[in-house]
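Structural characterization, general
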Amino acid sequence: MTSLSIRTVHETAGFAAVADYFSDVWKTPRSAPPLLPETLNSLAHAGGAVHAAYDGDRLVGGCVAVFGPPAARETYSLLAAAERGLGPRLKEAQRAWAVGLGARTMRWTFDPLVGRNARFNFAKLGAEGTGYLVDFYGPMADGVNDGDETDRLEATWDLTGTRRPSAATADGREAAPVTHRAPDGGPLARRDPGDRYVWCRVPEDVVALRVTDPELALGWRRAVREVLTKAFAEGFTATDMSRDGWYTLTRREDTP
């Protein structure tokens, strides 16, 4: 990628291009994108921002954010997607825009079963998982979520600070007792005896699993839901995602 540029979108053609890009990512007809071009235009006109990443003339990423309640000094990222390796630069552009207007935090939601997204949010950006939302959107008819329940994990990103990584280790995880079994028969969740950490595993590729075995994918959804909703209710925060697909959840008083 030799000529990457990221800029905010202000013109009708740009909004249409970003809407088409989102359609391709979420596998919807271009006549029914996740966000219509006119919706993107209105969000930008209202004070939000639509960012587009270009490699030369080719659109390779996009994201959309709006401001939340003024007193919260918070922004909310509605949608974001980019070609592999470009996510950090796109989110950094979004962060710079938000901080420049006085925001201190940014929130968004993502599918908790998609481990690569969790790793990007926690390990790359330093965000934290602050809540679990059961079937947040209800049924969706796009080519990615169709046929599944739309649970989402809420991510909160401190835009002004640097969070220390979790003190939990892989050795500590493997030594902790198994509390739940996964649909594939392996361990799903572990909990350390000191009750500071909970670990929860997700499938290797839930998007592919929805296609090949939707019933098994739904089984994973409900199994992970049981573990994470209980952990959040007990005061845990999701602080990390390992390369091999394990969430680390840390008791809030121990969260850096």
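To be clear, the structure that these remarks concern was listed above.
Report follows, based on the coordinates. Please read all numbers here as calculations on a predicted model, not as lab measurements. (Residues numbered from 1 in each chain as written. Predicted model: local features only at pLDDT ≥ 70, side-chain atom pairs only at ≥ 80, totals over all residues. Heavy atoms only, no water.)

1. Observations concerning the environment of D244
This is how the line gets drawn: Secondary structure elements are defined from DSSP: runs of H or I of at least 4 residues count as helices, runs of E of at least 2 residues count as strands, and each element is numbered from the N terminus. Exposure classes here rest on a 1.4 Å probe applied to the protein chains alone. A residue is buried below 20% of its type maximum, exposed above 50%, and partly exposed in between. Think of a polar contact as two N or O atoms within 3.5 Å of one another; within protein, one of them needs to be a possible hydrogen donor and the other a possible acceptor, and neighboring residues in sequence only count if both atoms come from side chains.
Along the chain, D244 turns up in the loop between strand 11 (236-241) and strand 12 (246-251). Given the relative accessible area of 47%, D244 is considered partly exposed. Each C-alpha atom of the pair D244 and R201 lies 8.4 Å from the other, and the pair is 43 residues apart in sequence. In this structure the side chain of D244 is engaged in a polar contact, spanning 2.9 Å, whose partner is the side chain of R173. At 2.4 Å, the side chain of D244 and the side chain of S242 are in polar contact.

2. Some remarks on the side chain of R251
To keep things clear, this is the line we draw: Note on contacts: a residue pair is in contact if any heavy atoms of the two residues lie within 4.5 Å.
One can find R251 in strand 12. On the basis of relative accessibility, which here comes to 16%, the residue R251 falls in the buried class. With sequence-adjacent residues up to four places away left out, R251 is seen in contact with R191, D195, R196, E234, G235 and F236.

3. So, the packing of helix 1 (residues 12-26) against helix 2 (residues 37-45)
Heads up, the rule is: A fitted line through C-alpha atoms represents every axis, and for helices the fit uses only the stretch in contact; the resulting angles, taken between N-to-C directions, go from 0 to 180 degrees. Any angle that is under 35 degrees is reported as roughly parallel, and any over 145 degrees as roughly antiparallel; angles of 65 to 115 degrees are reported as roughly perpendicular and all others as oblique. Note on convention: near helix rotated counterclockwise from far helix by under a right angle means a left-handed crossing. Clockwise means right-handed. Throughout, the ten residues Ala, Val, Leu, Ile, Met, Phe, Trp, Tyr, Cys and Pro are labelled nonpolar, Asp, Glu, Lys and Arg are labelled charged, and all others, Gly among them, are labelled polar.
Viewed as axis vectors pointing N to C, helix 1 and helix 2 meet at an angle of 120°, and their least axial separation amounts to 8 Å. Comparing their axes, helix 2 and helix 1 come out oblique. In this structure, the crossing between helix 1 and helix 2 has a hand that is right-handed. Seen from helix 1, the contacting residues are T12, F15, A16, V18 and A19; seen from helix 2, they are P37, L40, N41 and A44. Among the residues forming the contact of helix 1 with helix 2, the class breakdown is 7 nonpolar, 2 polar and no charged.

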